[in-house]
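Okay, here's what each chain looks like letter by letter:
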Amino acid sequence: RRSSDLQYPNIYKGFLPIGVLLTHMEQFMPVCQVYDFVLSDLLNPRAKRTNFCLSGILNFVVFRDRRREAYFAWTSNYRSSLENVQPVQKSNEEIEMKKLSTVPPEQQAEFNVLSSEINVRKQILKQKYRAEDIALLEMFAQKRAEFAAKTKRLNELKLAVANMKEEHEIMRSRIVESPGARKNKTENMKATVHKLKLESQEANEKCEYYRDRVAFRTMCLSEIQSYNKKFQVLEATMEKKSKIPAEIGRAH
């Protein structure tokens, strides 16, 4: 607290430094194993009492220096030990991985048989799925080509109908037809329109059919992926099975 904040600073002028020093000494001296430090040790010091307090302070300083040196030495040893432990741990992990990946001689024959069976099954599955996939791709390519041809034919028919309507309007405005001829032409146009509707309907049905085939291909591909995942799980299981005897041998 500043002296300007006090109500009567003249009263505290001579006592304030001593009071502050006494407060700090009362906190510090118990650390030095001196628990009975009082105000008279500052205001009226005696030789024996002062020697006792200074001895406690000196002992604390010497103790602190020795503990600090011991701490620094322990920290240095810990760091060096930690640096030495890391390579050893890495070497142990490499040795363990090598043991796990090494097949014991007494199990080598069984391991070779299982490995050959797995490779054979893998090749069979790959060939089977590859042939099915190629067949599906060829079929879908053919269906797409047919669908494109039907779409092109439908567009041509639509264009022909539009041209026929336009020609019909032009011809009707230029010539006068008999009722019978007009009726026959109208019937022919109706038949043509009906035929075009049938072809359009057929094209739409084929479009739906091809859409269903595309959905079927997507489902087949998802099933093939599922079989591949099952095959991977089977390989992992066979690998774990081949490691079990080795682990049992190490346990014994």
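Residues numbered from 1 in each chain as written. Predicted model: local features only at pLDDT ≥ 70, side-chain atom pairs only at ≥ 80, totals over all residues. Heavy atoms only, no water.

Draft legend 1. Structural detail: the overall build of the protein. Counting its secondary structure elements, the protein contains six helices and zero strands. From first element to last, N terminus to C terminus, the protein shows the α and β order α-α-α-α-α-α. Each of the 252 residues in the protein was classed as buried or not, and the buried ones make up 13%. For the protein, restricting intrachain contacts to residue pairs at least 6 apart in sequence, the fraction spanning at least 24 positions comes to 68%. About 20700 Å² of surface is accessible on the protein, with carbon and sulfur atoms providing 58% of the total. (Helix = DSSP H or I, 4+ residues; strand = E, 2+ residues; numbered from the N terminus. Buried < 20%, exposed > 50% of the residue type's maximum accessible area, 1.4 Å probe, protein only. Contact = heavy atoms within 4.5 Å. Areas by Shrake-Rupley, 256 points an atom, 1.4 Å probe, with all protein chains shown as cover.)

Draft legend 2. Spotlight on the pattern of salt bridges. For the structure on display, the rule yields seven salt bridges. In this structure, the salt-bridge partner of Asp36 is Arg49, at a minimum N-O distance of 2.8 Å. Here Asp36, found in the loop between α2 (16-28) and α3 (40-43), pairs with Arg49, found in helix α4 (residues 47-101); they are 13 residues apart in sequence, far enough to count as distant. On the basis of relative accessibility, which here comes to 43%, the residue Asp36 falls in the partly exposed class. Across the salt bridge formed by Arg68 and Asp65, the nearest N and O atoms sit 3.5 Å from each other. Of this pair, Arg68 and Asp65 both sit in helix α4, three residues apart, roughly one helical turn. Overall, the relative accessible area of 25% leaves Asp65 in the partly exposed class. Linked by salt bridges that have partners in common, Asp36, Asp41 and Arg49 make up one network. (Salt bridge = Lys/Arg side-chain N within 4 Å of Asp/Glu carboxyl O.)

Draft legend 3. Structural context of α2. Compared with the 18 Å implied by 1.5 Å per residue over 13 residues, the 19 Å span of α2 between its first and last C-alpha is a close match. Within α2 the residues assigned to the buried category are Gly19, Leu22 and Met25. The arc that holds the buried residues of α2, viewed along the axis, is 130°, so those residues lie on one side. In α2, the exposed positions angled more than 90 degrees off the buried face are occupied by Pro17 and Gln27. Considering only its buried residues, α2 is in contact with α3. (Expected span 1.5 Å × (residues − 1). Arc of directions from axis to C-beta.)

Draft legend 4. The arrangement of the state of the cysteines in detail. Following the criterion strictly, the structure yields zero disulfides and no others. No disulfide involves Cys32; its sulfur sits 9.3 Å from that of Cys53, the nearest cysteine. Residue Cys32 is classed as buried on the basis of its relative accessible area of 4%. (Disulfide = S-S within 2.5 Å.)

Draft legend 5. View of the confidence of the model for the protein. Residues with a pLDDT of 70 or more make up 82% of the protein, whose mean pLDDT is 78. Element-level mean pLDDT values for the protein span from 61 in helix α1 (residues 9-12) up to 85 in α4. (pLDDT = per-residue confidence, 0-100.)

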